[in-house]
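Structural characterization, general
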Protein chains: 2
Amino acid sequence: MTSSAHFPTVGVVGAGQLTRMMIEASARLNINIKLLAETPIDCAALISNNVEIGDYKNYDTLRKFCENIDVLTFDHEHVPLEHLKKLELQGVKIRPGIKALSCAQDKAIMRTTLSEAKLDMPRWAIVKNKEEIENFAAKIGWPLVIKSSVGGYDGKGVWIAQDITEVQKIIESPIKESSQWLVEERVNFKRELAVHVARSPHGQSVVYPVVQSTQVDGVCEEVIAPAPNLSDNHASQIQAIALKIAELLDVIGVFSVELFDLGDGKVLINELAMRPHNSGHWTIDGSNTSQFENHLRAILDLPLGSPSLTSPNTVMVNVLGGQFDDMYKPFMHCMARDPELKIHLYGKEVKLGRKVGHVNICGEKVSDLLERAHHAADYLTGKITE
Amino acid sequence: MTSSAHFPTVGVVGAGQLTRMMIEASARLNINIKLLAETPIDCAALISNNVEIGDYKNYDTLRKFCENIDVLTFDHEHVPLEHLKKLELQGVKIRPGIKALSCAQDKAIMRTTLSEAKLDMPRWAIVKNKEEIENFAAKIGWPLVIKSSVGGYDGKGVWIAQDITEVQKIIESPIKESSQWLVEERVNFKRELAVHVARSPHGQSVVYPVVQSTQVDGVCEEVIAPAPNLSDNHASQIQAIALKIAELLDVIGVFSVELFDLGDGKVLINELAMRPHNSGHWTIDGSNTSQFENHLRAILDLPLGSPSLTSPNTVMVNVLGGQFDDMYKPFMHCMARDPELKIHLYGKEVKLGRKVGHVNICGEKVSDLLERAHHAADYLTGKITE
């Protein structure tokens with residue numbers, strides 16, 4: 001019997017880069033990871049030796065997948081909740097948990113739940129048609145943010161409507177899973193912040209430093225950790241909000257809160273993600289325990305690792321698919337230019353705008369780290385050639 | 001076509017913990033690793049999706065294994081050199097290279113080569129029988145260190161003889177691969193040091209800080225990085241020795257030099273290892289680029305990563321198999337006691353004295369780090385229970 005025999009197996013639905021980075025974190029913990037992938041070339045499947053290929057929307061596939069695992073977790077929020085409820089009744093440990101997942105899957109439930117807890121958010125309403133949107137606009141004015149309450153991610157399923165003529169186009173757009181929409185005021189924020197919490201079944205929580213994130217077209221582009229020009233007091237308040245939500249929703253695992261910073265000491269909660277998140281990739285190199293390791297520790301009810309910084313500052317910049325489909329030569333160039341750069345590639349087919357990797361760099365001076373990380377990301381994708 | 005298609009594949013002979021940690025380092029670099037393992041439960045095979053099972057002493061097995069790889073590297077030094085020479089003639093890139101491997105495989109060649117370069121070592125002789133050992137002892141006195149010139153590792157194949165009556169037992173001992181022995185003076189050293197270099201085919205080298213290592217029964221027990229009470233000047237001299245050897249032997253990849261520190265500013269070269277080494281495991285958490293990542297970068301002629309420290313000090317302590325065969329509960333206990341501890345488990349079957357993992361801890365105060373790392377290692381193996 002190997003010593004592995006006593007160690008648990010985590011089942012992960014979805015085989016994208018989040019799962020790939022979970023596998024990377026699992027080896028030294030001697031934790032086994034089994035994947036339910038959609039195709040054998042999903043990027044986590046490429047590095048896994050325990051993959052089932054199947055449709056996560058099919059209950060029987062899920063049930064069979066859960067037979068030899070200790071806990072079930074997720075790369076995304078698209079697994080039908082009714083399937084998970086049935087699996088839970090059969091004793092499958094669903095992590096982060098049904099309540100947390102329902103908030104992540106349906107933004108209307110998320111807004112309703114957080115409002116009941118009196119947490120600060122943009123003004124919002126759940127609407128079913130154009131007339132209800134007009135009534136909401138009459139109260140708070142244009143433009144409005146219109147969100148598909150289910151099925152959106154990375155800016156998909158989110159629109160800005162300048163006036164009522166634009167609304168018609170949006171509510172006839174392809175994402176039709178919603179029978180309702182969430183409409184929100186468009187917040188005039190100074191910047192976006194994010195914070196990550198790991199929470200275990202027995203209630204132990206750790207919270208990472210608050211970071212500043214920049215989105216372009218709804219996709220995370222850059223993260224600075226910790227967020228510059230944020231007082232300790234303000235950072236603690238934001239961490240307290242995240243911990244409050246974790247407890248409120250009984251989250252198990254890593255979850256993230258994205259917030260609007262209004263610049264007057266006030267923040268509004270934008271989105272929640274019930275899993276490791278792009279805005280937390282900096283933790284792989286910038287923190288004592290990465291979000292992926294702490295996710296595994298949390299869902300298995302292992303004691304959590306320290307979220308402390310390994311460096312005064314860390315910058316993360318996403319690498320989005322560009323005109324190069326062979327990234328190996330630019331990869332070499334970036335390594336040669338900057339021996340301290342940590343380039344993380346996901347092994348994905350390069351498509352325009354697709355997340356194919358990220359770079360982390362740790363050090364003292366944020367402006368210097370930003371220049372180096374953006375240079376690498378731009379060079380890797382062919383946006384610049386020197 | 002996935003972006004992986006342009007990325008190289010590294011073939012590794014051997015599937016122990018060194019290979020396992022190479023696989024961990026490979027994922028984010030998008031480098032493919034293919035293994036030649038002895039059994040499917042070799043600890044690197046347990047986490048790999050590209051394993052061939054076969055005998056590394058069989059030439060045809062090796063040749064077939066090399067068909068779809070870009071470079072060949074090793075977990076150990078036991079592959080027959082004549083096979084590697086034939087493979088090299090057929091165009092296989094052997095890393096670290098034949099010259100370096102011959103020094104690692106045969107201590108007599110190593111001593112001869114380094115002596116020609118006028119590097120400081122314990123006084124030594126190559127001997128074929130008891131009479132030649134007596135002649136050497138007559139010159140330098142007892143006790144003597146007697147080493148099997150090939151086939152030894154982790155203290156195996158190394159004996160101390162107090163007098164000539166002990167010699168007889170040793171040269172009839174089971175390790176018989178040597179038709180000759182290396183005999184050396186027993187050095188009265190103050191401590192042991194080690195230093196690690198990564199060197200690439202185009203000659204780029206990086207050298208890690210010099211560390212202090214403690215061996216018990218020939219097995220590495222503890223490493224302190226950087227070595228305490230070592231002047232910058234002395235450390236630079238030792239790093240220069242390692243760089244000189246790397247160039248002399250045309251090493252490609254990571255290699256390590258173990259030295260005796262005589263305490264008077266003088267060091268003697270003890271052993272060389274032509275691969276990542278136990279005394280370099282601290283780099284996984286304590287350095288910007290681990291020895292495993294730099295080994296992959298070096299053998300693929302990728303630019304090397306920075307060997308700079310991420311923390312003022314890092315302590316590594318080996319976890320040796322003890323009375324627990326279920327390590328999961330002590331693993332939880334150690335995590336709970338110390339959230340900053342980085343426990344690395346290899347997934348190996350627990351056997352008494354076998355290397356089954358190591359712990360790293362980074363911080364300021366060496367005495368504190370030593371206490372914490374030894375506590376964890378002792379608890380994990382059942383030596384202590386609180």
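Residues numbered from 1 in each chain as written. Chains lettered and ligands numbered in written order. Predicted model: local features only at pLDDT ≥ 70, side-chain atom pairs only at ≥ 80, totals over all residues. Heavy atoms only, no water.

As a further point, take the overall build of chain A. A tally of helices and strands in chain A yields 12 helices and 17 strands. The C-alpha radius of gyration of chain A comes to 21 Å, within 12% of the 21 Å expected for a compact globule of 386 residues. In chain A, which comprises 386 residues, the share counted as buried stands at 63%. Within chain A, contacts between residues separated by at least 24 positions form 62% of all contacts whose residues are at least 6 apart in sequence. The average position of the 40 basic charges and that of the 49 acidic charges among the side chains of chain A differ by 2 Å. (Helix = DSSP H or I, 4+ residues; strand = E, 2+ residues; numbered from the N terminus. Rg over C-alpha atoms; globule rule 2.2 N^0.38 Å. Buried < 20%, exposed > 50% of the residue type's maximum accessible area, 1.4 Å probe, protein only. Contact = heavy atoms within 4.5 Å. Lys, Arg positive; Asp, Glu negative; His and termini not counted. Charge placed at Lys NZ, Arg CZ, Asp CG, Glu CD.)

Moving on: the confidence of the model for chain A. For chain A, the mean per-residue pLDDT works out to 93, and 96% of the residues sit at or above 70. Here the predicted complex scores 0.95 on pTM and 0.94 on ipTM. (pLDDT = per-residue confidence, 0-100.)

So, about the nonpolar core. A:F331, A:I343 and B:V10 are the most contacted members of the largest nonpolar core, which has 49 residues in total. Counting residues per element, this core draws most heavily on helix α12 (residues 366-380) of chain A, at 8 residues. Ignoring any residue separated from it by four or fewer positions in sequence, one finds A:I343 in contact with A:F331, A:C334, A:M335, A:H358, A:V359, A:L380 and B:R28. If you look at the next biggest cluster of nonpolar residues, it comprises 48 residues, including A:I23, A:I33, A:L35 and B:V366. (Core = buried A, V, L, I, M, F, W, Y, C linked by side-chain atoms within 4.5 Å.)

All names here are of chain A. Overall, the coordinates contain 37 salt bridges over all chains when judged by the stated rule. Measuring nitrogen to oxygen at the nearest pair gives 3.5 Å for the salt bridge that ties E271 to K107. Pair noted here: E271 is in strand β14 (residues 267-273) and K107 is in helix α5 (residues 107-116), with a separation of 164 residues, a long-range link. For R372, the salt bridge identified is with D338, shortest N-O distance 2.7 Å. Within this pair, whereas R372 is found in helix α12, its partner D338 is found in the loop between α11 (328-337) and β16 (342-345), the two being separated by 34 residues in sequence. (Salt bridge = Lys/Arg side-chain N within 4 Å of Asp/Glu carboxyl O.)

Before going further, it helps to spend a moment on the relation of the copies chain B and chain A. The transform that puts chain B on chain A rotates by 180° and translates by 0.0 Å along the axis, for an RMSD of 0.0 Å. The superposition of one copy onto the other is thereby described by a two-fold rotation axis. When C-alpha distances to the rotation axis are compared across chain B, the minimum falls at B:N49, with a value of 2.2 Å. The share of interface residues of chain B whose copies in chain A are also at the interface is 100%, consistent with both copies meeting through the same surface. (Least-squares fit on C-alpha atoms with pLDDT ≥ 70 in both.)

On to the interface of chain B and chain A. Every contact between the two is made by 50 residues of chain B and, on the other side, 50 residues of chain A. Looking only at chain B, the three residues that lose the most surface to chain A are B:R28, B:Y328 and B:M335, adding up to 16% of its buried area. Remark: the boundary between chain B and chain A carries 2 salt bridges. Its salt-bridge partner being A:E293, residue B:K342 comes within 3.1 Å of it at the nearest N-O pair. Counting across the chain B and chain A interface gives 18 residue pairs in polar contact (both at pLDDT 80 or more). Mapped onto the side of chain B that touches chain A, the elements with two or more residues apiece are α1 (17-26), α10 (291-299), α11 (328-337) and β16 (342-345) of chain B. By residue number, the principal contributor to the side of chain B that touches chain A is α11(B), which donates 5 residues. (Buried area = accessible area lost by both parts, 1.4 Å probe. Polar contact = N/O pair within 3.5 Å; in protein donor to acceptor, adjacent residues only side chain to side chain.)

Time to look at the sheet that holds strand β8 (residues 181-185) of chain A. All names here are of chain A. Judged by pairing direction, the sheet is antiparallel, and its 4 strands sit side by side in the order β5-β8-β6-β7 without closing on themselves. One side of each edge strand has no neighbouring strand; the edge strands of this open sheet are β5 (124-127) and β7 (158-161). The average undirected angle you get between the axes of adjacent strands in this sheet is 25°. When strand β6 (residues 144-148) meets β7, the two strands line up antiparallel, connected through 4 bridges. Paired with V145 across the bridge in β7 is I160. (Pairing = 2+ DSSP bridges. Axes fitted to C-alpha atoms, helices over the stretch in contact; angles between N-to-C directions.)

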